[in-house]
Amino acid sequence: MYKSSEYPFLYHFSLFDSFSASLSAGVTGRKGGISNAPYDSFNTALHCGDETEAVIENRKRLCEALHIDFSAYTCSEQIHGSESAAVAESQKGAGCRDYGSTIKGTDALMTDRKGILLNIHLADCVPLIFYDWKKQTGALVHAGWKGTAAGIAGKTVRAMREAFGSSPESILAAIGPSIGPCCFEIGSDTADKIESGFNYSTDVISREENGIHADLWKANEEQLLEAGLKQHNIESAGICTSCHNDEFYSYRAEGGLTGRFSAYLLLK
Ligand SMILES: [Zn+2]
């Protein structure tokens, strides 16, 4: 992952570079918006307590940077579940002005339609961006520890197969900035839930004297490999939001009172 523009800060994945004619996908940073502290300044989420006008202005700045109308900004409820939904044309713009009209009951949005800007909003949870270069379809996944434990990564790959006939061999997947194993300290209950959801081949949980830590990056990568993706088609940013909350938002590092950055996907 690399920084591709400033004000607003946008970050892109090398994995998607050769598809720039048909795909815009990446994540935003926290600089270049108008929100005041503690949401400063490029907060794109309406549900965290920031002023609605500021969030909408920030979202418009993202749309402007991507050369798409604000009415295309589409987002989901994000309930820490594992359900996915294929976005219908009639849902274009869902949630762009108010949280109440987001696409309900889902943490993963899939699309085969051009001109719909999918968004998920994050502060430590793992964003996954999928692009099937053969079918020209994509998905955006919000995978916190609960979604990871529930196997949302693999479930969404299977949902893309069913909805669009996607083959896992042609799906590219980016794992975005999120809380890293360095900072994601958890209790033993949470560790058990993460481990029991999937038969991991390597340790995604480390139990050391300094506490129990989970590696959600590795957990999601393993789920993707198991779902049939190729290792060389997966790019992990490896950036911890808690260590880098000057650049991104971190729910943990900021005591729960902060904004959210976006992961976005737009088929062109
Ligand atoms: Zn960290």
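A brief structural summary. By convention here, each chain's residues receive numbers from 1 onward along its written sequence. A pLDDT threshold of at least 70 governs which residues receive local features in this predicted model, and a stricter bar of 80 or more applies before side-chain atom pairs are shown or counted, although totals over entire chains, interfaces and linings include all residues. Neither water nor hydrogens contribute to the side-chain values; these are computed over all heavy atoms in the structure.

This part covers helix H3 (residues 152-164). Numbered from the N terminus, helices here are DSSP runs of H or I no shorter than four residues, and strands are runs of E no shorter than two. A helix is expected to reach a length of 1.5 Å times the quantity of its residues less one. Between its first and last C-alpha atoms H3 spans 17 Å; for 13 residues at 1.5 Å apiece the expected length is 18 Å, and the two agree. Residues of H3 that are buried: Ile152, Ala153, Gly154, Thr156, Val157, Ala159, Met160 and Phe164. Positive phi appears at Gly165, one or two residues downstream of H3, with a value of about 70 degrees. The classification of residues rests on relative accessible area computed with a 1.4 Å probe and restricted to protein chains. Under 20% of the type maximum is buried, over 50% is exposed, and intermediate values are partly exposed.

Distances decide who is a donor: an N, O or S atom must be within 2.8 Å of the metal, or within 3.2 Å for Na, K and Ca. Water is not included, so sites may look incomplete. The coordination sphere of the zinc ion, as far as protein atoms go, consists of Cys182 (SG), Cys183 (SG), Cys240 (SG) and Cys243 (SG), spread over 2.3 Å. Tetrahedral means four donors with every angle between 85 and 135 degrees, whereas square planar (four donors) and octahedral (six donors) require angles over 155 degrees between opposite donors and between 65 and 115 for all others; sites fitting neither are termed irregular. Taken together, the four donor atoms coordinating the zinc ion and their angles of 103 to 117 degrees define a geometry best described as tetrahedral. Along the chain, the residues donating to the zinc ion fall in the pattern C-C-x56-C-x2-C. Taken together, the residues Cys183 in the loop between strand E10 (171-175) and strand E11 (185-186) and Cys240 in the loop between strand E14 (234-236) and strand E15 (261-267) connect sequence positions 57 residues apart. Residue classification places Cys183 among the partly exposed residues on the basis of a relative accessible area of 24%.

Packing of H3 against helix H5 (residues 216-226) brings their axes to within 8 Å, and their N-to-C directions diverge by 30 degrees. On the basis of their axis angle, the class for H3 and H5 is roughly parallel. Seen from above, H3 lies across H5 with right-handed handedness. For the pair formed by H3 and H5, the contact residues are Ile152, Ala153, Gly154, Val157 and Arg158 on the first element and Asn220, Gln223, Leu224 and Glu226 on the second. For helices, the axis comes from a line fit to the C-alpha atoms of the stretch in contact; other axes are also lines fit to C-alpha atoms, and the angle between any two N-to-C directions lies between 0 and 180 degrees. Any angle that falls under 35 degrees is termed roughly parallel, while one over 145 is termed roughly antiparallel, one within 65 to 115 roughly perpendicular, and all others oblique. Note on convention: the crossing is left-handed when the near helix lies turned anticlockwise from the far helix by less than a right angle, right-handed when the turn is clockwise. Working rule for contacts: check all heavy atoms of both residues, and any pair within 4.5 Å makes them a contact.

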